[in-house]
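So you can see what is in the structure, the chains are spelled out below.
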Amino acid sequence: MSSVFDVQKTIREILLKILDGHSLEQLNKIPDGFNNNIIWNIGHCISSQQVLVYKLSGLPTMVSEDFINKYRKGTKPEGDVSQAEVDEIRTLLSTTLEKTKNDFESGLFVDYHEYTTSIGFTLRHVQGALDFNNYHEGLHSGIAMALRKLV
């Protein structure tokens, strides 16, 4: 399973570079024709990972329910995020990855509530959730890369 975490670490490093390479104004800008912005895509990756891996395993998340609701599937930015929230997201990119890796290695994930994703892929166990999460984060990192050219 270390390759799964290696891939996620690489994706998170890409997201971190995008985050650090843009001003607060650029992170919050929603280009014409888009429903969201760079910071929403990054927050969405964190929120989704916590839901797919922890919530569906019946475990507490590292982020609040408010955070999950703000960045969950189907949402869009309701206003600009503050620098403090950007800083929190920056920290969460690494802390959620490290905690997940440690929790997986320690055997914390025992139960999993089956879930079918919006693309029709059914997650039956945490390993599948971790694999799918990398696909999902790769997709949103690609969107963030496209957005950076428009802000």
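Rules and cut-offs
The written sequence of each chain sets the order in which its residues are numbered from 1. Per-residue local features of the predicted model are confined to residues with pLDDT of at least 70, and side-chain atom pairs are confined, for both listing and counting, to 80 or more; whole-chain, interface and lining totals are unaffected and use all residues. The side-chain figures draw on all heavy atoms in the structure; neither hydrogens nor water molecules are used. Strands are runs of DSSP state E lasting at least 2 residues, helices are runs of H or I lasting at least 4, and numbering of each runs from the N terminus. Each radius of gyration reported is based on C-alpha atoms, and the globular scaling rule is 2.2 Å times the count of residues to the power 0.38. Three exposure classes are used, based on accessible area relative to the maximum for each residue type with a 1.4 Å probe and protein chains only: buried under 20%, partly exposed in between, and exposed over 50%. Here, two residues are considered to be in contact whenever any of their heavy atoms come within 4.5 Å of each other. The accessible surface values rely on the Shrake-Rupley method and a 1.4 Å probe; as for residues, cover is taken only from the protein chains in view. To estimate the expected span of a helix, count its residues, drop one, and scale the result by 1.5 Å. To be clear, the arc concerns the directions from the helix axis to the C-beta atoms. A cavity here means a set of 1 Å grid points, computed over protein atoms only, where a 1.4 Å probe fits but cannot escape. A pocket is an open set with protein on both sides within 12 Å along at least 5 of 7 lines, and lining residues have an atom within 4 Å of a point. Grid points are joined across faces, edges and corners, and a volume is the space filled by probe spheres set on the points. Three classes are used: nonpolar for Ala, Val, Leu, Ile, Met, Phe, Trp, Tyr, Cys and Pro, charged for Asp, Glu, Lys and Arg, and polar for all others, with Gly counted as polar. The criterion is simple. A nonpolar core is a set of buried Ala, Val, Leu, Ile, Met, Phe, Trp, Tyr and Cys residues joined through side-chain atoms within 4.5 Å. Salt bridge, as applied in this entry: a Lys or Arg side-chain nitrogen positioned within 4 Å of an Asp or Glu carboxyl oxygen.

- Going by an unreviewed UniProt entry, the protein carries the name DinB family protein and comes from Flavobacterium ginsenosidimutans.

### Considering the overall build of the protein
Line of reasoning, step 1. The secondary structure content of the protein amounts to 6 helices and 2 strands.
Line of reasoning, step 2. Scaling as 2.2 N^0.38, a compact globule of 151 residues should have a C-alpha radius of gyration of about 15 Å, and the protein matches this with 15 Å.
Line of reasoning, step 3. Overall, the C-alpha framework of the protein stretches about 40 × 25 × 25 Å when taken along its three principal axes.
Line of reasoning, step 4. Taken over 151 residues, the protein has a buried fraction of 44%.
Line of reasoning, step 5. Long-range contacts, defined as pairs at least 24 residues apart, comprise 71% of the intrachain contacts of the protein with a sequence gap of at least 6.
Line of reasoning, step 6. Accessible area of the protein: about 7800 Å², with a carbon and sulfur share of 51%.

### Here we look at helix α1 (residues 2–20)
Line of reasoning, step 1. Look at α1: 26 Å from first C-alpha to last across 19 residues, which is about the 27 Å you get at 1.5 Å a residue.
Line of reasoning, step 2. Here α1 has its buried residues at Val4, Phe5, Gln8, Ile11, Arg12, Leu15, Ile18 and Leu19. Within α1, the buried residues cover an arc of 135 degrees as seen down the axis, which keeps them to one side.
Line of reasoning, step 3. Where α1 is buried, its residues touch α2 (24–28), α3 (38–54), α5 (83–105) and α6 (126–148).

### Topic: empty space enclosed by the protein
Line of reasoning, step 1. Inspection of the entire model under this criterion finds 1 cavity of 30 Å³ or more.
Line of reasoning, step 2. In this structure, the largest cavity occupies an estimated 30 Å³ of space.
Line of reasoning, step 3. Together, Asn28, Asn37, Ile39, Trp40, Lys70, Tyr71, Pro77, Gly79 and Val81 line the largest cavity.
Line of reasoning, step 4. Breaking the lining of the largest cavity down by element, the ones donating at least two residues are α3 and α4 (65–71).
Line of reasoning, step 5. When the residues that make up the lining of the largest cavity are grouped by side-chain class, the tally is 5 nonpolar, 3 polar and 1 charged.

### Some remarks on the layout of surface pockets
Line of reasoning, step 1. Considered as a void within the structure, the largest pocket measures approximately 460 Å³ in volume.
Line of reasoning, step 2. If you go around the largest pocket, you meet 21 residues; those closest to its centre are His44, Ser48, Lys73, Ser118 and His136.
Line of reasoning, step 3. Of the residues forming the lining of the largest pocket, the biggest block, 6 residues, is contributed by α3.
Line of reasoning, step 4. Tallied by class, residues from the lining of the largest pocket come to 9 nonpolar, 10 polar and 2 charged.

### Some remarks on the side chain of Ser48
Line of reasoning, step 1. Along the chain, the position of Ser48 falls in helix α3.
Line of reasoning, step 2. With residues near it in sequence (within four places) discarded, Ser48 still touches Asn133 and His136.

### Observations concerning the nonpolar core
Line of reasoning, step 1. One finds Leu19, Ile38, Ile39, Ile42, Ile46, Phe67 and Ile89 to be the most contacted residues of the largest nonpolar core, which totals 22 residues.
Line of reasoning, step 2. The element best represented in this core is α3, accounting for 6 residues.
Line of reasoning, step 3. If near-sequence neighbours (up to four positions away) are discounted, Phe67 is found in contact with Gly43, Ile46, Ser47, Glu88, Ile89 and Leu92.
Line of reasoning, step 4. Of all hydrophobic cores here, the second largest spans 15 residues; its members include Val4, Tyr54, Leu56 and Leu130.

### As for the pattern of salt bridges
Line of reasoning, step 1. This structure, assessed with the given rule, holds 7 salt bridges.
Line of reasoning, step 2. A salt bridge links Glu85 to Lys70; the shortest N-O distance between them is 2.8 Å. Pair noted here: Glu85 is in helix α5 and Lys70 is in helix α4, with a separation of 15 residues, a long-range link.
Line of reasoning, step 3. Looking at Glu85, the relative accessible area reads 14%, which means it is buried.
Line of reasoning, step 4. What makes Lys70 partly exposed here is its relative accessible area of 35%.

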